[in-house]
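# Breakdown of the fold
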Amino acid sequence: MTAKIPCAVLGATGAVGQRFIQLLEGHPWFEVVAVCASERSAGQSYSGAVDGRWKLPTRIPENVGGLTVKECKPADLNARIAFSGLDAGVAGSIEEEFARAGYAVVSNSRNHRMDADVPLLVPEANESHLKAIELQRKRFGRGLIVTDPNCSTIGMALALAPLHQKWGVEKVGVVTMQAISGAGYPGVASLDVVDNVVPYIAGEEEKMETEAKKILGKWSGTAFEFAPVTVSASCNRVPTVDGHLESVSFSLRAQVEREEIMEAWRTWKPLKALKLPSAPEQPVVYREEADRPQPRLDRMEGHGMSVVVGRLRECPLLGWKMSVLSHNTIRGAAGAAILNAELLKARGYL
Ligand code: NAP
């Protein structure tokens, strides 16, 4: 049996950090050996630091609960991978420091997503973007940074990717209904969101409109070529706990039949041969029922790693419309980052 790759979790006490700790428990390739957060948490045991704010229904894994939380400094952690769920206010410089120290930084934060040499990775959709890491050697030597997309972008991008690869997506109009956990903990005040919908999430629409172009674009060998896709996003916070639901209208660059779109989703299994532990068997799952997908019922499809699509129908404005659901802290954050790290390992980057 080969030894597991030692990992640190940066921002381990937050909503995404907790998901990392949960999803990495018993992982066949990776093992959490260090947990890091702000100086407010540093020095306490992990169990003590998250006391009263561990918000997952599973217990804190025993091997992590007793670890002492450290500040986010790369020295002496003895890890190869740094999974980052850091607050975006501090993630940029800390992640660079870890990459310069030789870590493979696999991040959820927005800070490096649009860097010219950083893959905005969705393994099923744009594995070829990993080649951009060669450009990072100048900055980081043996270290590297790979990011995953914003939690509302990833569901839309996964549903569109197989269609874009076959026919080209031209225009997208998306309206989101985003869960409260997307804002971290304690996040949105209950008095703001209970019995309410907030039609604004700072920075979210811009992220959806720009990140999708990079994800669906190409790596030319020296630079990312953004996909010529126009996205218009309207983002809303709704009182669900987990799972972002989106109404997506889109136009394709070819005339296709509904059954061809369904077939494109059904047969799209680009990672199958790699057998990555976190890759869902079916990345895009289609539900035929008229009232699906729903956050409470469908967010754990594929262990929270599949995107669930339903209600594909003709749209008088753009040609097609559908409902898309993805789990924001699993496929939209920690689970996506772990899948990214698995791809890095499978392709020899670790
Ligand atoms: P969160 O619950 O607020 O957690 C933030 C984490 O950052 C905590 O561990 C916190 O440690 C740490 N931190 C804050 N200030 C720090 C500092 N000065 N130095 C070191 N560590 C510091 O936020 P979250 O929802 O988990 O989000 C984390 C990141 O992932 C954000 O960049 C967010 O945009 C992104 N993201 C979130 C989601 C989601 O669904 N929630 C999805 C995709 C991406 P302390 O506990 O010690 O303060």
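Residues numbered from 1 in each chain as written. Predicted model: local features only at pLDDT ≥ 70, side-chain atom pairs only at ≥ 80, totals over all residues. Heavy atoms only, no water.

## Focus on the pattern of salt bridges
As a reminder of what qualifies: Only one rule defines a salt bridge in this text: a Lys or Arg side-chain nitrogen within 4 Å of an Asp or Glu carboxyl oxygen. Exposure is judged per residue with a 1.4 Å probe applied to protein chains only, and the accessible area is read against the type maximum: over 50% gives exposed, under 20% gives buried, and values in between give partly exposed.
Counted according to the given criterion, the structure contains 15 salt bridges. In this structure, the salt-bridge partner of K73 is E71, at a minimum N-O distance of 3.3 Å. Residue classification places K73 among the partly exposed residues on the basis of a relative accessible area of 48%. The exposure class of E71 is partly exposed, given its relative accessible area of 35%. Through salt bridges with shared partners, one network takes in R287, E289, R292 and D298.

## Notes on helix 12 (residues 330-346)
The criterion, for reference: Put simply, DSSP marks the helices as runs of H or I at least four residues long and the strands as runs of E at least two long, and each gets a number from the N terminus on. By this rule the span expected of a helix is its residue count minus one, scaled by 1.5 Å. Note that the bend at a residue is defined as the angle between axes fitted to the seven residues ending at it and the seven residues starting at it.
Along its 17 residues, helix 12 runs just 21 Å from first to last C-alpha, ending more than 12% under the 24 Å computed at 1.5 Å per residue. Of all the bends in helix 12, the greatest, near 50 degrees, is centred on A336. Within helix 12, 15 of the 17 residues are buried, which leaves it mostly tucked inside the rest of the structure. Looking one or two residues beyond helix 12, the residue adopting positive phi is G348, at roughly 80 degrees.

## So, the pairing of strand 5 (residues 104-107)
Along a regular strand, successive side chains alternate from one face of the sheet to the other. Defined as follows: Two strands form a pair only when DSSP identifies at least two bridges running between them. Viewed with both strands pointing away, a crossover whose connecting path from the first strand over the helix to the second turns clockwise is right-handed.
Here strand 5 shows two buried faces, one formed by A104 and V106 and the other by V105 and S107. Pairing analysis gives 4 bridges linking strand 4 (residues 81-84) to strand 5, with the strands arranged parallel. Each bridged residue has a counterpart across the sheet, and for F83 the counterpart in strand 5 is V106. For the segment spanning strand 4, helix 4 (residues 88-100) and strand 5, crossover handedness is right-handed. With 4 bridges connecting them, strand 5 and strand 6 (residues 144-147) associate as parallel partners.

## Let's talk about the site of the ligand
Keep this limit in mind: Throughout this document, a residue counts as near a molecule or strand when at least one of its heavy atoms sits within 4 Å of that molecule or strand. Here a polar contact is taken to be a pair of N or O atoms separated by no more than 3.5 Å, where protein atoms must pair a possible hydrogen donor with a possible acceptor and residues adjacent in sequence count only if both atoms sit in side chains. In this count, Pro and Cys sit with the nonpolar residues alongside Ala, Val, Leu, Ile, Met, Phe, Trp and Tyr, while Asp, Glu, Lys and Arg are called charged and the others, Gly among them, polar. How far each domain reaches was decided by an automatic or database domain assignment.
Taken together, 28 residues lie near the ligand, and T13, V16, S38, R40 and S41 sit nearest. In this structure, an oxygen atom belonging to the ligand sits 3.1 Å away from a side-chain N or O atom of N328. Of all the secondary-structure elements, those providing two or more residues to the shell around the ligand are helix 1 (15-24), helix 4 and helix 12. For the shell around the ligand, the residue count by class is 11 nonpolar, 14 polar and 3 charged. Lining the shell around the ligand are residues from two domains, each supplying at least three of them: domain 1 (5-150 + 333-346) and domain 2 (151-327).

## Things to note about the nonpolar core
Counted only if it meets this: In these notes, a set of buried Ala, Val, Leu, Ile, Met, Phe, Trp, Tyr and Cys residues joined through side-chain atoms within 4.5 Å is what counts as a nonpolar core. Contacts: residue pairs with any heavy atoms within 4.5 Å of one another.
With 43 residues, the main nonpolar core has V172, F250, L252, I261, W265, L312 and M322 as its most contacted residues. When residues of this core are assigned to their parent elements, the largest contribution, 9 residues, is made by helix 7 (residues 151-167). The residues that make up this core include at least three from each of domain 1 (5-150 + 333-346) and domain 2 (151-327). If we ignore the near neighbours within four places in the chain, the residues touching V172 are M156, L160, V229, T230, V231, S232, V248, S249, F250 and L318. Residues V32, F83, V146 and L343 belong to the second largest nonpolar core, which totals 41 residues.

## Focus on the UniProt feature "active site" (unreviewed entry) in the chain
Applied cut-off: UniProt positions are given in the numbering used here, feature names are shortened, and annotations may be inferred rather than shown by experiment.
Those places that UniProt annotates as "active site" (unreviewed entry) correspond, in this numbering, to C151 and H244. Spanning 94 residues, the named residues form one tight spatial group whose C-alpha atoms are at most 7.9 Å apart. Since its relative accessible area comes to 13%, C151 is described here as buried. Relative to the helices and strands, H244 resides in strand 11 (residues 244-252). With a relative accessible area of 0%, H244 lands in the buried category. Those residues in contact with H244, other than ones at most four positions away along the chain, are C151, S152, M177, Q178, A179, G182, R237, V324, L325, S326 and N328. There is a polar contact of 2.9 Å between the side chain of H244 and the backbone nitrogen of A179.

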